[in-house]
Every structure is written in structure tokens, then in C-alpha cells.
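Coordinate inspection notes
Each chain, letter by letter, is given below.
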Amino acid sequence: MKHVINKRIDFILIIPVILLIITGFVAIYIATIHDYPDNIVQVMLQQVAWVVIGLGIAFAVMLFSTEFLWKVSPFLYVLGLILMILPLFFYSPAIVESTGSKNWITIGNTTLFQPSEFMKISYILLLSEVALWFHGRYPEQSVRNDLKMLASFLLVTLPILILLGLQKDIGTAMVFLAIFIGMSFLSGVSWKIVLTVFLVSVVSFLTFIAVFLWEPGREFLYHMGMDTYQINRISAWLKPFDFASSIAYQQTQSMLSIGSGGIFGKGFSVLELAVPVRESDMIFTVIAENFGFIGSVVTLSLYLLLIYRMILITLESNNQFYTYISTGFIMMILFHIFENIGAAIGILPLTGIPLPFISQGGSSLISNLIGVGLVLSMAYQNHMQRETEKNA
């Protein structure tokens, strides 16, 4: 039995994940030993515990059948919504003051987890189910049916976006929108709708930037409900070195830290610049400063290998449910990488998005490993199907 299971496990997918986790251990150790030396043992033991829990859940998920995932998806979605309500009532004022968001469940002095991280997986599962249900009911391709399908997607998405709006967690909301866009494309949405949405998005973005750059415009946005911390983050992104000693300190220090690493880096555990929260959101600065351009490229190559392998597994499958799930997870990982590193090097605003498998933190790490478990389940089912065809 053990031999059969080993044959069905896609180790090529697991290898880059393990190497990224090891990279995370090294980077977290370096960041913590410099910034919080008294907490080094606690931080590293916690990270080990989260990895063990995440890998255990991923292995269990790998063995799930399509039928079980289909049945459990609606329940996981409802549970996710209930959990996302809790941070609105159980939160840490200190975390809210530092991040501007109520997105972590905190009871007493203990911060437990971030429900929106697990909601990403539940959302992908239910959206996949809705897509298949819709195509089964409306098999004909037309603009009208495409609009109906997008409306059904929005019914699943809007409750999550509303809760994230109440939590003031715009960064995580962008992740859900990235998943939404990727799965909409996979569903074969008409190019007319895609082009219209793209043009409207570009015009809206440019209009927003124009309004934001106008000083009375920022006042208008503030009175329309935009939080001060959000205004500060966008200001820091647009003109970082104008605010290098205040609101843009984190981003400018990040950019300087990455640049100071040069080609080969400064060497193991050498951090000469202070970067706030570099054990988590700014973990890429540790890699770049210590191991330079070469270390950064190796890290990105591991992500590329992971994405490439997931795409191959997806293409090998004839199970549409798994295809949607895999696409949603790939979009989620890609957006996390793009946003986290983009913010670290200054081309995107800071949103507090962690770097997958590397940043310190349990919620994101376990959620990502569950996603890997789902793709492993897809590969497992692919192997089972090939074995059935071979023995037929």
C-alpha cells in the first residue's frame, strides 16, 4: 500500500515547496536573530510546528476524492464566512493601530490566526463548483450566459469582499479579485466582456491616480471613506523618497536593502539596514541583502518551477473540477509573489501580502500547503486514472 501511494505522489511538485520552506527558515532565522534575538527559539519552533501541521494537512488533502471535495466545499465556504466575522469583534488594538486592519482573531493577549487566509482555499473550491454547475446548466456560449456566470461568481465573491472591507484589508481583497479574474478567464468569458472590463479598469485606475495626485483630491478621497493609512501607503508608493523618514520609511529601507545586496550578497546573517517587519512582509529583503541578485534569482526560479509543475499537472488532468481548483490556486500564488516582491522593490504599494512558503506566519503557510495538497490530489487522481487505463 505504501509503495502504491509513493508512486502516486508527485515529488517534482513537492521539491520546490520544500526548498522554499527551507529558504524561509534561513531568512526568518537571520531576520529574527538581528531584530528579536530573545525570541529566536520561540519563533523558529513555531515555524517548525506550522510546517509540520501544514504538511500533515496537505498529505491528508492529497488523499481526498473529487466527490468528497465537491460535497464539503459549500460547508467550508459558510464556515469561512463565519470565521471572517470574528476578527470584527475579537481583535488586537495594537495590531489594528500598526496595520490599520482587523483581520486577525485575537482573544485576550493571544493572536490566533487570520481567517481570510483559509477562506482563499474555500473560495477557490466553491467558485470551481459554481463554474461547473453553471456550464452544466447553460452549455451554450454567449455574452448573455457569460454575464449570468459572472453574476453567479459575484454572488460568491461579494460577501467576502464586504467582510474584507469591514476589516479594512484591501491587500487580501486584491488576492480574491485575482482568483476571480483567473477563474473567469478559464471559464471562457467572451473577449468583448474581457476587453470592456480591462478598459474600464485602466480608466478607473488612471482616474484614481489623477485624483490622488491632486491635493484636494486626497481630501475628497478621505471624506469618501478612504483611511489615512491607505492614503499614506499610496503616497509612499508614488513618491517614496519624499517621505523616506516618515510614511515611506519601510518601503525605502526595503529598496535600499535589496540594492545593497549587489550580485552575490553580503554573506550569511549580514543585515546592515533596518527594515520593519522583515521577518514577514519584507522577507525578500533578507534574501536579497544576504544572498544578492543570485539568491533572489534562485528563489524566483523555485517559484517558477513550482508554477510550471502545477500547470503541467493541470494540463494532464481531464477532471474539470480539479482544473478550476488548480487555476485558482496558481492565480493566488502568482499574485502573492508579484505583490510581495513588487512592494519590496517599490513598483507596487505595500499591502501586507506575505511571500508564499517563506514569510513567517502560520495562517498563510498552512493555507498555501493546503493548496499544494489539492494540486497533489489532482496529480494523485491523474496517476490512478492512468493505472486504471493500463489495467483495463
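All figures in this text were calculated on a predicted structure; none of them were measured in a lab. Here the residue numbers are simple positions, counted from 1 along each chain's written sequence. For this predicted model, a pLDDT threshold of at least 70 governs which residues receive local features, and a threshold of 80 or more governs which side-chain atom pairs are given and counted, while totals over whole chains, interfaces and linings are taken from all residues. Neither water nor hydrogens contribute to the side-chain values; these are computed over all heavy atoms in the structure.

**Some remarks on the overall build of the chain**
We apply this condition: Helical segments are the DSSP runs of H or I of at least four residues, strand segments are the runs of E of at least two, and each set is numbered from the N terminus. C-alpha atoms define the radius of gyration in this analysis, and the globule rule sets the expected value at 2.2 Å times the number of residues to the power 0.38. Exposed residues in this analysis have more than 50% of their type's maximum accessible area, buried residues have under 20%, and partly exposed residues fall in between, with area computed by a 1.4 Å probe over protein chains only. Throughout, a residue-residue contact means that at least one pair of heavy atoms, one from each residue, lies within 4.5 Å. Residue exposure ignores everything except the shown protein chains as possible cover, and the areas themselves are Shrake-Rupley values with a 1.4 Å probe. Charge assignment in this entry is limited to Lys and Arg as positive and Asp and Glu as negative, and neither His nor the chain termini are counted. Every charge is mapped onto a representative atom, which is NZ of Lys, CZ of Arg, CG of Asp or CD of Glu.
Looking only at helices and strands, the chain has 15 helices and two strands in total. On C-alpha atoms alone, the chain measures out to a radius of gyration of 22 Å, which is about the 21 Å that the 2.2 N^0.38 rule sets for 392 residues. Within the span of the chain, comprising 392 residues, buried residues form 49% of the whole. Residue pairs at least 24 apart in sequence account for 71% of intrachain contacts in the chain once pairs closer than 6 positions are excluded. Just so you have it, the chain exposes about 19,000 Å², and 70% of that area is on carbon and sulfur atoms. Charge-centre separation for the chain: the mean point of 19 positive side chains lies 9 Å from the mean point of 22 negative side chains.

**Digging into the nonpolar core**
Here is the rule: In this description, a nonpolar core means a group of buried Ala, Val, Leu, Ile, Met, Phe, Trp, Tyr and Cys residues linked to one another through side-chain atoms lying within 4.5 Å.
In terms of nonpolar packing, the biggest core is built from 92 residues, with Leu13, Tyr123, Ile160, Met310, Phe329 and Phe357 touching the most fellow members. No other element matches helix H14 (residues 320-344), which puts 13 residues into this core. If we ignore the near neighbours within four places in the chain, the residues touching Phe329 are Ile121, Ile124, Met310, Asn368, Gly371, Val372 and Val375. Grouped together as the second largest cluster of nonpolar side chains are seven residues, Ile209, Phe212, Met226 and Ile231 included.

**Some remarks on the pattern of salt bridges**
Applied cut-off: For this document, the term salt bridge refers to a Lys or Arg side-chain nitrogen within 4 Å of an Asp or Glu carboxyl oxygen.
The final tally for this structure, using the stated rule, is five salt bridges. One salt bridge connects Arg278 with Asp35, and the closest N-O pair in it is separated by 2.8 Å. Highlighted residues: Arg278 in the loop between helix H12 (249-260) and helix H13 (283-316) and Asp35 in helix H2 (residues 11-35), separated in sequence by 243 residues. Of the charged contacts in the structure, one is a salt bridge between Glu117 and Lys120, with a shortest N-O distance of 3.0 Å. On the criterion of helical spacing, the pair formed by Glu117 and Lys120 is a turn pair, its members being three residues apart in helix H6 (residues 115-137). Accessibility assignment for this pair places Glu117 and Lys120 in one class, buried. One continuous salt-bridge network, built from bridges that share partners, spans Lys266, Glu272 and Glu289.

**Details of unusual backbone geometry**
Leave glycine aside and you will find that most residues have negative phi; peptide bonds, for their part, are mostly trans. Backbone geometry at Lys168 places phi at a positive 60°, although glycine is not the residue there. Tracing the backbone shows Lys168 in the loop between helix H7 (143-167) and helix H8 (170-186). For Ser269, which is not a glycine, the phi torsion comes out positive at approximately 60°. Locating Ser269 in the fold gives a position in the loop between H12 and H13.

**A look at the pairing of strand S2 (residues 110-113)**
What counts is decided by this rule: Whether two strands pair depends on DSSP finding at least two bridges between them.
Here strand S1 (residues 105-107) pairs with S2 via three bridges, running antiparallel. Note that in S2 the partner of Ile105 across the bridge is Phe113.

**So, the packing of aromatic side chains**
Convention followed: To pair, rings of Phe, Tyr and Trp, with the six-membered ring standing in for Trp, must have centres within 6.5 Å; the planes then decide the type, stacked if under 30 degrees apart, edge-to-face if over 60, and tilted in the middle. By the criterion adopted, a ring carries a charge over it if an Arg CZ or a Lys NZ lies within 6 Å of its centre and within 35 degrees of its normal.
A complete count under the given rule lists nine aromatic pairs for this structure. By the ring-pair criterion, three or more aromatic residues cluster together here, those being Trp70, Phe321 and Tyr322. Sitting over the ring of Phe212, Arg218 keeps its end group 5.8 Å from the ring centre.

**Considerations on the confidence of the model for the chain**
What counts is decided by this rule: Confidence of the predictor in every single residue is expressed as pLDDT, which spans 0 to 100.
Overall, the predicted model of the chain reaches an average pLDDT of 90, with 98% of residues at or above 70. Between the elements of the chain, mean pLDDT differs from a low of 61, seen in helix H1 (residues 2-8), to a high of 96, seen in H2.

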